[in-house]
Each structure stands twice: as C-alpha cells, then as structure tokens.
Amino acid sequence: MASPSLPPGTAPIKPEYLLSVQTRDIPDDDAAEGNTSHVNGRRDEPSGADGQEEAEGHGGKRLSGAQRKKLAKDERKNKRGANKGRRFQKVRDEVELCYRVASGKQCDFGAECRFTHDVSAYLAAKPRDIHFPSPDDLSDVPPFVRLPDVEMSEGGDAQKSSLDPTTTCPVFKTIGECKHGLKCRFLGNHVRTREDGELELVADEEKKAQVAATETEVNFIDGDMLRKIRTKKYPHPIADAYLQELKENAYEAEKVEGDKQVQLVEDPTASTTIPISVLEDPTPGTEVVAPVTQDKSQDDTPDVPARFVEKKRLQWTGKTYLAPLTTVGNLPFRRLCVDYGADITCGEMGLAMSFLQGSKEEWSLVRRHPSESIFGMQIAGSKPQLLVPAAEIIGRECAGNLDFVDINCGCPIDLVYKTGSGSALLDAAGRLGKIIIGMNKALGDIPVTVKLRTGVKDGRNTAHKLMPRLGPEWGTSAITLHGRTRQQRYTKLADWDYVKQCVEAVRAREADEDLPPVPIFGGGDCFSSEDYWHKMDNYGVDGIMIGRGALIKPWIFTEIKERREWDISARERLEIVRKYAEYGLNHFGSDTAGVNTTRRYLCEALSFQYRYIPIGLLERFPARINERAPAFGGRDELETLLASGDSRDWVRISEMFLGPAPESWSFTPKHKSNAYGGEESQG
C-alpha cells in the first residue's frame, strides 16, 4: 500500500492505520481566550443543513469567496485556545450525612449540626457502590473492564440495597481503614452486619500498623495553624529581621547618595557649589539639581552580605526530574511518575501571597507521598516581603519532609507576569538576588533552587548573564533552564545550543572562583529516551526536567532508565489510568466529592495522554513532540479509544473506574479544540 502524502510536520503514521491525511487540530499549549459549549454532550456545530448558514451572512445575503474565507478563518480561531471560564463544582450526596457520624464517632454539634445524623435515611438514598476493578479485570476488547454479576436487593432492607460486597475500596485496601466510613462509595468492602441488623465499619489494625510510614501523606497543615497564618499571628522572626535590614540598608544608601548628588547647584561666576537652600530665588537659567528619590531595594546588588547556613548539597547528577506542572502535576500524577522511574518530583506552583493568606488550597500543594524520595515545592512571588516570610513558614511547617524549595522565574502567563512574578524576575536581577538570599536565611538547611527561561523577549536572551550569579553570589543550590523565552511560550523548539552556552558560563565562573558545581538541568522538547540521552551527551547538563513529555507518556521515565522506546500496549495504558484513579481516590477521598474530584483530574490527565501515538503505528520513531497527528485508528478498539480527542470519551473512560458520572457533573476541557489538552506550564 502506497504511503499517502502527509503535510509537513505530520507524524509519519503507517498507511494502514490512517483514517485521514488531514491532521487533527494542534493542541494549543499557548492558551487563548474563549469558550466551548458541551451542553448535553454536544460539541459546538454550525447550524443549518450542510453548512448553509456558513455561506450566508446575516439577513440571508450571499457571501463572497473572500468573506467566506475570512469567516472560516475566524471560526477556526474561535475554536482554538483555552476555556478560561472553566468552573468545577463539588458534587455532593443527595442526603448529606455528618462526617463524624459516618465514621462512627459522636458529633460535637449534636442537634445543631447542619448535616443529617439519620444513617438509615442516608443509606436508603445513597447510590449503589462503585465496583473498582483489579488489573486482572482489564481487557483490550469491549467493554475493556470486566464487571462482576452482583445481585443487589431491590426490596427488603433499604440500608443494604446499595452495598456491593465484591467491590474494593482503594483507601481501605491501601491503609486498612477508610476515613470516609459510611460515606464511602465502595462501602461494601469495609462494612459488616451486626447481630442486631445494623451496619458496622471494619478496620484492619495489622494493615494500619504496617503501612503507617509508607502510605501516610505528610505536610498536612491543620485549621488552627492556617488560622494563625491568616490572622498574621504566625511568627517569622528571621524574615522580619532580614526585611528590616534591607529597609535600613536601602535608607542608608539613599542618604549617602543624597549627600553626594542632591541639593546642589553650580554658581556660574565661581568655582564653588552652593546648596539650594542658600538660594531663595535662583536666577533664571540657573540649573537646579532637584533631589532624586529612588527605591534602593531594587538595585542590582544585594544590600545584605550573603552568609548562608550550611545547606544540604544536592547530588542530582543523572537523576530524572518531573517538572512542576499546574493543575495536572498533582500528588496522584506524581506518584504515577515515581512508579515509572521519576527520581525528583516537585509540587505545583504556589503563590507566596496565598500561602501568607492561609489558603487551604495553596497549602495542600506541599503535600507529599512517602514514595517521593526527593520532593520539593515551587513558589512564585514578586518581592522579598512576600517570598521570605512564606519561605520561613513553609520551612518550619514542613521541616524534615521537604528536600528543596524552587523559585519560579519562568512562568509566562500574563496573570503571573504582570504582578512582577514568574518570568518577570528575569529582568529584575537585584530583586531576585534579595529574594534568594532572604529565602536561604529563612529556610535554614533546606536548599533553594531556581527555575527560569532563557529571557523575556525573543532575540533578547539574558539567562547567560543571570545564571552565573545565582550560585556564587546568592547561594542557589540547583538551576533549571527551560530553553525558551517567555514570549516564545511553545511556538518554536527549545534552544538547546543556548542552554549549553549558559551551562558553560556557569561552569567557567565556578572554575575561576574554585567553587563546587551546582546541578544544572535543562528543559524543553524531551519526548523519548533518544531525545533525553542525545541532550545529556551533547549539551553539558546534569539532567533534564521533563514536563509535557511526562504528561503525554508517564512511562517516559522507564524508557529513559532502560534506554529504549517502549511500544506500550493499550491494555498497559489502561492500567496506568486505573492506577491514577486508585491514587486519586486515596488522595482526594472515596466519598462522592472525592470520586468526582478524581474524575475531574483523571479527565485532565487523559487530555494529554490521548496525544500519544503508539510506536507500532509509526513508520519512523521515536515521535517528536511538535509533530501533528493525522486522524488514525489503533491496532485494537481500546487503542483507538485512548487516542480520541473527544472529551466525552475521556468521561467514558473515567466511568470504567469511577462509576457513572452524575447528571450534575460535567467536564469542560481546558482547550476548545476537543476541547484539546495543553497545560499552561509554570515556566
């Protein structure tokens, strides 16, 4: 069979798998404005038979060819970009049972509790248990997940009509107890009937003891502590002293500068200078030098000498590093990547201001699973007054469970950039220096790392000037450079030659000053084992941070460590989805709200994974991250389903593990074209 002609930049799929040579819409990794309606499961479609309304303007007038062309271009533009108005509401039970009562405890509020204490009424209204499949239940033929034949009583005891004794609760299976108790959607796995006919929760005490250290998430911040932070009653003496020192030094510098340059005027008839205060009425034409007020806190030199606490040296050479990723880089996804070989993981970017405001959502970003052997958190902010106090609180609350804190100097999105945070810090070296020095003081022995881009504007790379200062002058313990500018986003390939230039600039200064080398990681366009090792061998980096490559194929870390391209089967990919669902339920919860939060993030993950093109379908491999995929069918029905860009199919896949989606639940994809997947990366 002759290979059809494919447009340039198209993935070379074998002819027998092609459905069309026309490429699918590019997943827009540079998010744009807009909406997509998915009401009642329908995509936006032009109304009118055979597109009749496309050819006619308002009032039924026939459009010219040029007008139709412009209309088509505008329509294509409207279908690209991000759905920025996305809202996800929590789905709750029809009858809400008190959490204390659900877990078999006494409610402190008693009759004043706003939730019901009527267990019988709750169980009678509760939906049937969800069956969570085991790996053996998966298949590559429809319906892909084998469900057991379970008879649930329609009449009789209403309390037991929803129970499925064959199901498995992922939380109970993992830790020997389910904290959601009767509210768990997999209740049949950890409840028994007492002699009096009432239901009783069960726990596996032996299992609880065995896994206490290996399965319990750490870095929980309780409500009382969040309240102290929110009301500004949490002390941060190191940050306060440092900020006061900055303020005093800025004042002294301004005073010295004023003594030299300000309030002077030159007498045209003499060789002396006269203070302005002596001249009550300066003669016309006399040049008066007015006082100049400057904010010395932004000068390009740190005001405070760097005297660092002895930091833990980061021995990262050769380790695999999962990038911090907004929305999709949550704890369940990080656990999945650790399973497939990720050595270093970093939480999603948090905002310093939100940490200082005691935001529960922001503080949840520092949570860590024990399987994450090297774990850090990433923070963004615009000035020392925000970042240094936040760092001190984080360092104290997460002591012993945080291996590094990363400063985001790469986030390109306008919302962050316009506040002076993210990639805006690339053009504020003095301010960045003060931030790093202050955070180093506040964090004690926890290392500070920096992630940055090559510059702000295309053609104006600045990282080669900034990076050599990060370690020697300010005490940065590791550096990651994404090979693109802020303006470039993802529109062109990463500039790895410039990454190499920056690495050489850092190493040259370290050699001149006889300093130990800091780990330097590169980033951008790493999508296969071949990509990884080519970059490692040719560009001087100690490792490569992987972002989009891991989102599309989480098993990339296995490929890297085994130095091979893995032609992973559809069934193996479905097992990855099952694992994600299991980890999501353990993290977000197994009650109704937790199940549907897991469903939401699972659909977010699938919005990237569908972009993977199986190796066995390619005429030339490995695939490249910037290649567009034509419409293709897989080697079996499951592979075809997993390649679907239709968000309704992602919901369908989620239902295999999380039960039917509630009528009140809907998933609005981030990008309009599938809406199509694409994260707004953190830099």
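Criteria and cut-off values
Residues numbered from 1 in each chain as written. Predicted model: local features only at pLDDT ≥ 70, side-chain atom pairs only at ≥ 80, totals over all residues. Heavy atoms only, no water. Polar contact = N/O pair within 3.5 Å; in protein donor to acceptor, adjacent residues only side chain to side chain. Helix = DSSP H or I, 4+ residues; strand = E, 2+ residues; numbered from the N terminus. Buried < 20%, exposed > 50% of the residue type's maximum accessible area, 1.4 Å probe, protein only. Salt bridge = Lys/Arg side-chain N within 4 Å of Asp/Glu carboxyl O. Patch = residues over 30% accessible without salt bridge, like charges linked within 9 Å, V, L, I, M, F, W, Y side chains within 5 Å. Areas by Shrake-Rupley, 256 points an atom, 1.4 Å probe, with all protein chains shown as cover. Lys, Arg positive; Asp, Glu negative; His and termini not counted. Charge placed at Lys NZ, Arg CZ, Asp CG, Glu CD. Phe/Tyr/Trp six-rings, centres within 6.5 Å; stacked < 30°, edge-to-face > 60°. Lys NZ or Arg CZ within 6 Å of the ring centre and 35° of its normal.

1. Comments concerning helix α7 (residues 223–230)
Of the residues that open α7, the one with a side-chain oxygen 3.2 Å from the backbone nitrogen of aspartate 224 is aspartate 222. Lysine 232, located one to two residues past α7, shows a positive phi value of around 60 degrees.

2. Here's the deal with the side chain of glutamate 604
Structurally, glutamate 604 can be placed in helix α21 (residues 592–609). What makes glutamate 604 buried here is its relative accessible area of 3%. In terms of polar contacts, glutamate 604 uses its side chain to reach the side chain of arginine 600, at 3.0 Å.

3. Brief notes about the pattern of salt bridges
The tally for this structure, following the rule as stated, stands at 32 salt bridges. Among the ionic pairs, arginine 509 bridges to glutamate 513, the shortest N-O distance being 2.7 Å. For arginine 509, a relative accessible area of 22% gives the class partly exposed. Owing to a relative accessible area of 39%, glutamate 513 belongs among the partly exposed residues under this scheme.

4. A short note on a positive patch on the surface
A grouping of Lys90, Arg92, Arg114 and Lys360 is seen on the molecular surface, where their side chains present a positively charged patch. As for its placement among the helices and strands, arginine 114 is situated in the loop between α3 (99–102) and α4 (119–125). The class for arginine 114 is exposed, based on a relative accessible area of 74%.

5. A few points about the packing of aromatic side chains
Applying the stated criterion across every chain yields a total of 15 aromatic pairs. Arranged with centres 5.5 Å apart and planes meeting at 75 degrees, the rings of tryptophan 316 and tyrosine 321 form a pair that is edge-to-face. As far as the burial class goes, tryptophan 316 and tyrosine 321 line up, both buried. Ring-pair connections join several aromatic residues into one group, and the members of that group are Trp316, Tyr321, Phe404 and Phe521. Over the aromatic face of tyrosine 99 sits the side chain of lysine 183, whose NZ or CZ is 4.8 Å from the ring centroid. Positioned above the aromatic ring of tyrosine 417, the side-chain terminus of arginine 486 is 3.9 Å from the ring centre.

6. Quick word on unusual backbone geometry
Put simply, proline 142 and proline 143 share a cis peptide bond, and its omega is 5 degrees. Tracing the chain through its elements places proline 143 in the loop between α4 and α5 (170–175). Residue phenylalanine 621 is joined to proline 622 through a cis peptide bond whose omega torsion reads 5 degrees. In this structure, proline 622 sits in the loop between α21 and β14 (630–632). Even without being a glycine, phenylalanine 144 presents a positive backbone phi close to 75 degrees. Relative to the elements of secondary structure, phenylalanine 144 occurs in the loop between α4 and α5. On the basis of relative accessible area, phenylalanine 144 is assigned to the buried category, the value being 3%. At aspartate 525, a residue that is not glycine, the phi angle is positive and equals roughly 70 degrees. Looking at where aspartate 525 falls in the secondary structure, it is placed in the loop between β12 (520–523) and α17 (529–538).

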